[in-house]
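Residue-level structure breakdown
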Amino acid sequence: MKISPSLLSADFANLEAEIKDIECSGAEMLHLDVMDGHFVPNISFGMPVIEVLRKKTDMFFDVHIMISEPQKYIDDLIKCGSDLITFHLEANGDPKETIKMIKEKGAKAGISIKPKTPVSDVLPFINDVDLILVMTVEPGFGGQSFMADMMPKVKALREAVKNMENPPIIQVDGGVSQATIAECAKNGADCFVAGSAVFKAKDRKSEVECLRKLAEEAV
């Protein structure tokens, strides 16, 4: 069970200190949301921020790009330090070509689906990617309420990959907290993006440990 705190909920005036704190929390990844203001109705940060952060930490960068034309930015995202790039199935371009571009540059590839996208649309790619992200909120803003009706998608994905020798990670993002993580894990998720739950906690190490324990106990 992997916890990936979302930087979107951090104090952006003190990013270096925030990352150092997350380093000590025991989280396996740092989730970085890149938004273009077009694919989603919000703008977050881009390559310059990732490049600067890369110099401050060795954490695994779990980069989630919510942008309309992902292929245009793959090279730069990898050059600035992305370890895994998750793009949206609903974005422009051939998904297989986008996956190929990411992997040829040496990074891991993930694919994400919005709440209104049926899980059947992503099944043709399960053998090609390292991670599948099921959005449990509408992408674009942090702090939204968890959508429990996305759990059948997670369950269907777990069933689809259960006999694979090296199945992709199944990640959930949106409203993940102590109140919701067990349900996600029970349905088959094994990686959890937690923004507010971790960054707003007084003791982030304890929060990460608690989230992971709740997920493990649910399985």
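A brief look at the structure comes next. No experiment lies behind these values; they were computed from the predicted model shown.

Focus on the overall build of the protein chain
For the protein chain, the count of helices and strands is eight helices and eight strands. For the protein chain, whose C-alpha radius of gyration is 16 Å, the value lies close to the compact-globule estimate of 17 Å for 219 residues. By the burial criterion, 52% of the 219 residues in the protein chain qualify as buried. Pairs at least 24 apart in sequence give 65% of the contacts found in the protein chain among residues at least 6 apart. Surface accessibility of the protein chain: about 9,700 Å² in total, with carbon and sulfur atoms responsible for 49%. Looking at charge distribution, the protein chain has the averaged site of its 25 positive side-chain charges lying 1 Å from that of its 34 negative ones.

Considerations on the side chain of Ser-82
Mapped onto the elements of the fold, Ser-82 is located in the loop between helix H3 (74-79) and strand E4 (84-88). Looking at Ser-82, its side chain comes within polar contact range of the main-chain oxygen of Leu-77, at 2.7 Å. Filtering out sequence-adjacent residues up to four positions away, Ser-82 remains in contact with Ile-50, Phe-61, Val-63, Leu-77 and Ala-107.

Cut-offs used in this document
Residues numbered from 1 in each chain as written. Predicted model: local features only at pLDDT ≥ 70, side-chain atom pairs only at ≥ 80, totals over all residues. Heavy atoms only, no water. Helix = DSSP H or I, 4+ residues; strand = E, 2+ residues; numbered from the N terminus. Rg over C-alpha atoms; globule rule 2.2 N^0.38 Å. Buried < 20%, exposed > 50% of the residue type's maximum accessible area, 1.4 Å probe, protein only. Contact = heavy atoms within 4.5 Å. Areas by Shrake-Rupley, 256 points an atom, 1.4 Å probe, with all protein chains shown as cover. Lys, Arg positive; Asp, Glu negative; His and termini not counted. Charge placed at Lys NZ, Arg CZ, Asp CG, Glu CD. Polar contact = N/O pair within 3.5 Å; in protein donor to acceptor, adjacent residues only side chain to side chain.

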